[in-house]
Amino acid sequence: MNKKTKTPQEDVSSILKDTATEIEEPVAEEKKEPQENIESALVEEVQKWKDLALRSQAEMENLRKRTQIDVEKAHKYAIVSFAKELLNVADCLNGAVSHAEKGIETLKQSGNDECVAFLENLLKGVQMTEKQLMTAFEKNGVQKMQSLGVVFDPNLHKVIQEVEDDTKEAGTIVQELQTGYTISGDRVLREAMVIVSK
């Protein structure tokens, strides 16, 4: 049995290789563990930033929608204060028409034809002006409320008086003292002042 004898150089080289292998194995294990930790930390960090980006995108979309709704409302209701001012003008024109009609009837009975002709022409002018105002209101979304015969609604009507009326159900509007108006059909511009049955 002829064993090959190692030269001293081969023997030292073999020892160094074995030692190097023993040293490298734990170092490789140590390197794997921090590398796995780094990878999982990076995955968590990427997920965190991805989540933050999605949340930011959703927040911006919500903000855009809210802003769009606010702008639409601003356009829709921009004329509210101006329209409220003009409601008094509409009331005056309506009152003028009512009084002129009553005056014409009185003058017809007395036989004063010149005054009747004058008042009829004046009445036509006031009625035309009132009609133009109502047309302008309608173009801008301002509408008269129909209150007579309707059941009282505290969101739309303001009760001034209650009267006994056995022919009507309790809470039914029997007389309108001041016309109510809405804007865009969903917001009350002015409540109607009414008299309701008991």
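S.K.: Go over the overall build of the protein chain with me, naming the residues and quoting the values.
M.R.: Counting its regular elements, the protein chain contains three helices and six strands. Start at the N end of the protein chain and walk to the C end: the helices and strands fall as α-α-α-β-β-β-β-β-β. Classification of the 198 residues of the protein chain by burial places 20% in the buried group. Within the protein chain, counting contacts between residues at least 6 apart in sequence, those at least 24 apart form 65% of the total. Summed over its atoms, the accessible surface of the protein chain is roughly 15,400 Å², and 55% of this surface lies on carbon and sulfur atoms.

S.K.: Account for the sheet that holds strand 2 (residues 157-163), with residues named and values stated.
M.R.: Ordered by their spatial adjacency, three strands build an open sheet running 2-6-3, and the pairing between neighbours is mixed. Whereas interior strands pair on both sides, the edge strands pair on one side only; in this sheet they are strand 2 and strand 3 (173-178). Averaged over neighbouring strand pairs, the angle between their axes works out to 30 degrees when direction is ignored. By the bridge criterion, four bridges tie strand 3 to strand 6 (residues 192-197) in an arrangement that is antiparallel. The residue bridging Ile 173 from the neighbouring strand is Val 196, located in strand 6.

S.K.: Give me the lowdown on the packing of aromatic side chains, citing residues and values where you can.
M.R.: Aromatic rings considered in pairs are described by the distance between their centres and by the relative angle of their planes. Evaluation of the coordinates by the stated rule reveals one aromatic pair. Relative to Tyr 181, the ring of Phe 137 has its centre 5.9 Å away and its plane inclined at 70 degrees; by these criteria the two rings are edge-to-face. One end of the pair, Phe 137, is in helix 3 (residues 113-139); the other, Tyr 181, is in strand 4 (residues 181-183), with 44 residues separating them in the sequence. In this structure, Phe 137 and Tyr 181 share a single accessibility class: buried. Its guanidinium or amino end placed over the ring of Tyr 77, Arg 187 lies 3.7 Å from that ring's centre, counting from NZ or CZ.

S.K.: How would you summarise the sheet that holds strand 4 if you had to cite specific residues and measurements?
M.R.: Taken together, the three strands give an open sheet; going across it, the order is 1-4-5, and neighbouring strands pair in antiparallel fashion. Pairing within the sheet leaves two strands with one partner each, and these edge strands are strand 1 (142-144) and strand 5 (187-190). On average, adjacent strands in this sheet sit at an angle of 35 degrees to one another, irrespective of strand direction. Looking at chain direction, strand 4 and strand 5 are connected through three bridges and run antiparallel.

S.K.: A description of the packing of helix 2 (residues 80-110) against helix 3 should follow, citing residues and the corresponding values.
M.R.: Taken N-terminus to C-terminus, the directions of helix 2 and helix 3 make an angle of 155 degrees; their axes are 9 Å apart at the nearest point. By the angle class used here, helix 2 and helix 3 are roughly antiparallel. Two packed elements cross with a definite hand, and for helix 2 against helix 3 that hand is left-handed. Residues that form the contact of helix 2 with helix 3 fall into these classes: 19 nonpolar, four polar and four charged.

S.K.: Residues and numbers for the confidence of the model for the protein chain, please.
M.R.: When pLDDT is averaged across the protein chain, the result is 84; 83% of the residues are at 70 or more. Looking at the elements of the protein chain, mean pLDDT is at its lowest for helix 1 (residues 8-76), recorded as 78, and at its highest for strand 6, recorded as 94.

S.K.: Can you lay out helix 3 for me, pointing to particular residues and giving the numbers?
M.R.: When the terminal C-alpha atoms of helix 3 are compared, their 39 Å separation across 27 residues agrees well with the 39 Å that a helix rising 1.5 Å per residue should span. Among the residues of helix 3, those classed as buried are Val 116, Leu 119, Leu 123, Val 126, Glu 130, Leu 133, Met 134 and Phe 137. Close packing links the buried residues of helix 3 with helix 2, strand 1 and strand 4. Positioned one or two residues after helix 3, Gly 141 has a phi angle of 85 degrees, which is positive.

Calculation rules
- Residues numbered from 1 in each chain as written.
- Predicted model: local features only at pLDDT ≥ 70, side-chain atom pairs only at ≥ 80, totals over all residues.
- Heavy atoms only, no water.
- Helix = DSSP H or I, 4+ residues; strand = E, 2+ residues; numbered from the N terminus.
- Buried < 20%, exposed > 50% of the residue type's maximum accessible area, 1.4 Å probe, protein only.
- Contact = heavy atoms within 4.5 Å.
- Areas by Shrake-Rupley, 256 points an atom, 1.4 Å probe, with all protein chains shown as cover.
- Pairing = 2+ DSSP bridges.
- Axes fitted to C-alpha atoms, helices over the stretch in contact; angles between N-to-C directions.
- Phe/Tyr/Trp six-rings, centres within 6.5 Å; stacked < 30°, edge-to-face > 60°.
- Lys NZ or Arg CZ within 6 Å of the ring centre and 35° of its normal.
- Parallel < 35°, antiparallel > 145°, perpendicular 65-115°, else oblique.
- Left-handed = near helix turned anticlockwise from the far one by under 90°.
- Nonpolar A, V, L, I, M, F, W, Y, C, P; charged D, E, K, R; others polar.
- pLDDT = per-residue confidence, 0-100.
- Expected span 1.5 Å × (residues − 1).

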